[in-house]
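Each chain is listed here by its residues.
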Amino acid sequence: MTATAVRTEVYAQVQHFYAHQMQALDGGRFADYAATFTEDGTFQHSPGVQPAVGRAGIVAELVEFHKRFEGDPVQRRHWFNHIALEPQADGSLRSTVYALVVTVRPGGKPEIAPSCVVHDVLLVTDEGVRTRSRMITHDQLV
Amino acid sequence: MTATAVRTEVYAQVQHFYAHQMQALDGGRFADYAATFTEDGTFQHSPGVQPAVGRAGIVAELVEFHKRFEGDPVQRRHWFNHIALEPQADGSLRSTVYALVVTVRPGGKPEIAPSCVVHDVLLVTDEGVRTRSRMITHDQLV
Amino acid sequence: MTATAVRTEVYAQVQHFYAHQMQALDGGRFADYAATFTEDGTFQHSPGVQPAVGRAGIVAELVEFHKRFEGDPVQRRHWFNHIALEPQADGSLRSTVYALVVTVRPGGKPEIAPSCVVHDVLLVTDEGVRTRSRMITHDQLV
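It should be emphasised that the depicted structure is a prediction, and the values quoted were computed from it without experimental measurement. Chains are numbered independently. Their residues run from 1 in the order of the written sequence. Chain letters start at A and ligand numbers start at 1, both assigned in the order the entries are written. It should be noted that, the model being predicted, local features are given only for residues of pLDDT at least 70 and side-chain atom pairs only at 80 or more, the latter also being counted only at that level, while totals for whole chains, interfaces and linings use all residues. With hydrogens and water set aside, each side-chain value is computed from the structure's full complement of heavy atoms.

J.: Explain the interface of chain C and chain B to me, using residue names and the numbers behind them.
T.: Pairs of residues are marked as contacts when any of their non-hydrogen atoms sit within 4.5 Å. In this assembly, 29 residues from chain C lie in contact with 28 residues from chain B. The term buried area denotes the loss of accessible surface (1.4 Å probe radius) that occurs when two parts are joined, taken as the sum for both partners. Across the chain C/chain B interface, buried area totals approximately 2,300 Å², and carbon plus sulfur atoms make up 63% of it. Every case where a carboxyl oxygen of Asp or Glu lies within 4 Å of a side-chain nitrogen of Lys or Arg is listed as a salt bridge. For the pair chain C and chain B, the interface holds two salt bridges. As a salt-bridge pair, B:Lys109 and C:Glu111 come within 3.2 Å of each other at their nearest N and O atoms. Polar contact is defined as a pair of N or O atoms within 3.5 Å, subject to the rule that within protein one atom must be able to donate a hydrogen and the other to accept it, and that residues adjacent in sequence are counted only when both atoms are side-chain atoms. Our count for the chain C to chain B interface comes out at eleven residue pairs in polar contact (both at pLDDT 80 or more). Each helix is a run of DSSP H or I of at least 4 residues and each strand a run of E of at least 2, with the numbering of both proceeding from the N terminus. Taken together, the elements giving at least two residues each to the side of chain C that touches chain B come down to helix H1 (8-26), strand S3 (75-87), strand S4 (93-104) and strand S5 (111-125) of chain C. In terms of residues, the side of chain C that touches chain B owes the most to one element, S3(C), which gives eight residues.

J.: How would you sum up the relation of the copies chain C and chain B? Please name residues and give values.
T.: Note on the identical chains: chain C maps onto chain B by a rotation of 120° and an axial translation of 0.0 Å, with an RMSD of 0.0 Å. Interpreted geometrically, this transformation is the action of a three-fold axis. Among all residues of chain C, the minimum C-alpha distance to the rotation axis is found for C:Ala12, at 3.8 Å. Interface residue correspondence from chain C to chain B reaches only 17%, placing this contact among heterologous pairings that use different surfaces. Alignment of the copies relies on least squares applied to C-alpha atoms, considering only residues that score at least 70 for pLDDT in both.

J.: Outline the interface of chain A and chain C, listing residues and values.
T.: Taken together, the 29 residues of chain A in the interface contact 28 residues of chain C. Buried area between chain A and chain C, both sides added, is near 2,300 Å², and the carbon and sulfur share of it is 63%. Taken together, chain A and chain C are joined by two salt bridges. Where chain A packs against chain C, one counts eleven residue pairs in polar contact (both at pLDDT 80 or more).

Right, here's the structure in full:
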């Protein structure tokens, strides 16, 4: 693997893709978030849970997960850093990214936890980047 | 909105623009910071305050704002994440960016607050990127 | 200094370089980290210490430094932000980057400290980007 094996345009495209994808998630636009996955995309947001499969499955999982925040005026923001891409033999990109979750409540200070690593497989299609699979590991669970 | 509607060169250019812009602000180089705005640029650093207008106005606002730190050897650093660009009909770019303010004092640990969102309108000119307007929202004030 | 003086491809290449470089460091792959420096590269990870010189010297310094974490199941992650590049007359790039160190222990919450600034000189070679020198300053030590 070398950092130069990925074309510059693709690197910036992936960065921009993540910006829109995660602002959709943090904005509660779950259908928009799910649409950033491939039709058969999988999303495992926490270790040990079954991955959600497909866009409808991803939306359902997010709705379920966010029930814990019902009536709680929380704003969560997922920060990403150090997007490392590795081209795979099948044309996909393995993407390994640091993540921190910022949580803020009215009048409060941001809590910054947990520290995670995002393990994605990405496809670059004519319609843009899509996530084929996403699996999150948590540093405090290792 | 699609992430691909913005050319790759422009995306990297905006990222680099923000790096220099915010290092100027955090370095106390207010004239350099103001010069990253258009001549008639507006800057509203906190909700509910009147925006500063024009480069001289922006410098004056920053001088005024920083009086609260006089004699306080504080180092502030504005971190940005997830720069999401959306081209506008008039050729400008709407830019929505996560921000965290890192504050450090001698011998101390960084305080990381508040969590904000930067709402910019950017112009890409022959001389580089310029901010036409900037408005900041704070997550804890929503 | 202008942000546009650095070509777009180079900016994205440097970002990607840092992603791989710092994931190597945080993954404990010290030889991989050292290989991101030029043969005669220098690395001063803290103010006031002698810089390590050359790849073997950098590996030795990292092994020595990490002895303090022996038996401590700590995960450290170095976050970067606002990579500001300035081309130098000799063809190298001066790179000034914000950094935060995220430290996590099993079952714990991330500690985010210290806040640093990375002062690099980078070379763009046929084999990719290489760090010729790295010096770190700490905000709380100013």
